[in-house]
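For reference, the chains in residue letters:
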Amino acid sequence: MIKHSWKTLMLVLLALQLSCKSNKSQAPLPVKPGGIDSTDKFPRITDEQLLDLVQKQTVKYFYDFAHPVSGLARERNTSGDVVTTGGSGFGIMALIAAVDRGFISRADGLARMQKMVAFLKNKAVTFHGAFPHWLNGATGAVQPFSEQDNGADLVETSFLMEGLLTARQYFNITSADETNLRNDINILWGAVEWDWFRQNGQNALYWHWSPDKGWAINLKIQGWNEGLMAYVLAASSPTHSIPKTVYDQGWASNGAMRNGSTYYNTQLPLGPALGGPLFLSHYSFLGINPTGLSDAYANYEQQNIAHSQINNRYCIANPKQYKGYSADCWGLTASDIESGYAASSPTNDVGVIAPTAAISSLPYTPAESMRALRFFYYKLGDKLWGQYGFYDAFDLTKGWVANSYLAIDQGPIVVMIENYRSQLLWKLFMSCPEIKTGMKNLGFTSPSLP
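Note that the coordinates shown come from a computational prediction; the quantities given were computed from them, not determined experimentally. (Residues numbered from 1 in each chain as written. Predicted model: local features only at pLDDT ≥ 70, side-chain atom pairs only at ≥ 80, totals over all residues. Heavy atoms only, no water.)

Within the protein chain, the secondary structure is distributed over 17 helices and 14 strands. Relative to a compact globule of 450 residues, whose C-alpha radius of gyration would be 22 Å, the protein chain shows 20 Å and is just as compact. Along the first, second and third principal axes, the C-alpha set of the protein chain runs to 60 × 45 × 45 Å. Counting only residues that meet the buried cut, the protein chain has 63% of its 450 residues in that class. Within the protein chain, residue pairs in contact and separated by at least 24 positions form 71% of the contacts whose partners lie at least 6 positions apart. (Helix = DSSP H or I, 4+ residues; strand = E, 2+ residues; numbered from the N terminus. Rg over C-alpha atoms; globule rule 2.2 N^0.38 Å. Buried < 20%, exposed > 50% of the residue type's maximum accessible area, 1.4 Å probe, protein only. Contact = heavy atoms within 4.5 Å.)

Here you go:
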């Protein structure tokens with residue numbers, strides 16, 4: 001059963017702690033009584049030029065807007081000193097794509113990576129090697145996510161390590177600077193005590209630990225949700241690995257995470273009814289290549305394609321009759337909404353479309369996702385396109401568009417566009433020797449795991 005508790009908590013925390021102003025409308029969306037203003041807001045360019053533009057503009061969130069002291073990604077555009085560990089992992093991967101495309105020089109990309117890694121190694125607080133969800137980007141102290149969530153967050157740590165290991169594989173020349181960077185990443189990677197997060201040897205990993213409240217939250221990382229990366233990294237750790245039984249019992253619940261039902265003529269192998277929010281097929285799969293990937297529980301290529309197709313077809317069917325939902329305008333995932341934050345999905349649909357949802361599904365539904373991307377840019381771009389790419393979300397029924405950017409939404413846009421175009425981040429992450437060994441030990445097979 002999917003655990004939405006910590007995503008849903010952001011509805012309150014992000015809205016009240018950080019984003020009192022960020023969810024307000026930039027300006028009314030171009031909705032007329034007869035429908036959407038269908039004129040192009042920007043000149044037409046080729047799809048390849050459009051993908052270049054979206055990647056180049058969106059990565060500015062992680063390069064231009066990074067925290068000036070740590071270089072890490074701010075949680076959102078109104079966060080001040082609050083930086084996000086998982087979002088920084090996504091940002092690291094986005095920066096690698098930008099370097100590889102020539103948007104940022106290799107020297108500048110390396111310098112930024114050195115800045116981030118030095119801060120993580122020398123200033124950022126950790127708990128048994130794991131990082132908190134949020135840090136103060138100037139001091140490295142914990143910024144509590146909630147009263148009890150003031151220590152380690154193993155899922156956010158896994159997303160950070162996903163990015164760091166990808167960077168280690170990319171910056172691979174024998175220069176002193178790149179060698180030192182790789183060594184420092186290995187120190188951070190080796191320090192995470194994945195096995196300790198079994199909470200006294202249980203056959204499961206636990207999401208949180210607090211230095212003063214211990215295991216009070218007591219939330220297992222249990223599939224199907226975004227937490228697959230935590231188990232893959234724990235199985236792959238050279239210093240604190242877990243056995244396969246922890247994956248089978250803790251993550252897969254001995255197969256209970258299977259779904260198997262059919263929605264909109266598409267069978268869904270895993271997860272909640274109608275698939276849940278689309279980030280489930282994005283976060284862990286920024287690095288894990290699902291192409292041809294299978295284990296005892298699912299074919300993950302089929303899973304992610306089905307998940308995206310169901311989300312698309314639900315929006316086309318539009319059972320709640322929201323304005324604008326169509327083959328051009330679709331994508332439900334966790335995002336800002338006018339009143340705060342929500343994990344939108346076909347079973348929790350409040351009329352809000354998030355551009356990251358469809359765009360980050362480009363590797364799974366290329367035609368459908370590209371169609372949505374064109375619509376977002378050409379038809380809504382005068383209100384939806386800004387300094388760091390597409391704003392976080394919009395509601396055509398209410399004529400509302402967010403004035404916010406979130407690291408965890410911007411990062412997957414850049415990374416998954418790149419995986420669609422070149423599979424660069426998939427190739428880098430899957431090239432890690434430890435990942436090959438760890439995933440094979442969990443029973444995964446794929447062309448990426450010879």
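It is worth spelling out the confidence of the model for the protein chain at this point. Summary statistics for the protein chain give a mean pLDDT of 94 and a share of 92% for residues scoring 70 or more. Long-range and interchain partners of residues 1–24, a stretch whose pLDDT sits below 50, account for 77 contacts in this model, where long-range means more than four residues apart. (pLDDT = per-residue confidence, 0-100.)

This brings us to the packing of helix H9 (residues 228–236) against helix H17 (residues 433–441). The interhelical angle for the contact between H9 and H17, taken along N-to-C directions, is 105°, at an axis separation of 7 Å. By the angle between their directions, the pair H9 and H17 is classed as roughly perpendicular. Residues Val-232, Leu-233, Ala-235 and Ser-236 of H9 form the contact with H17, whose participating residues are Glu-434, Ile-435, Gly-438 and Met-439. Its residues assigned to classes, the contact of H9 with H17 comprises 5 nonpolar, 2 polar and 1 charged. (Axes fitted to C-alpha atoms, helices over the stretch in contact; angles between N-to-C directions. Parallel < 35°, antiparallel > 145°, perpendicular 65-115°, else oblique. Nonpolar A, V, L, I, M, F, W, Y, C, P; charged D, E, K, R; others polar.)

Turning to the pattern of salt bridges, a few remarks are in order. Taken as a whole, this structure holds 16 salt bridges when the rule is applied. As a salt-bridge pair, Asp-40 and Arg-44 come within 2.7 Å of each other at their nearest N and O atoms. By relative accessible area, Asp-40 is classed as partly exposed at 33%. One salt bridge in this structure joins Arg-168 and Glu-434, with 2.7 Å as the shortest N-O distance. Here Arg-168 is found in helix H7 (residues 154–170), whereas its partner Glu-434 is found in helix H17, with 266 residues between them in sequence. Beyond isolated ion pairs, a larger network of salt bridges with shared partners links Asp-40, Arg-44 and Lys-379. (Salt bridge = Lys/Arg side-chain N within 4 Å of Asp/Glu carboxyl O.)

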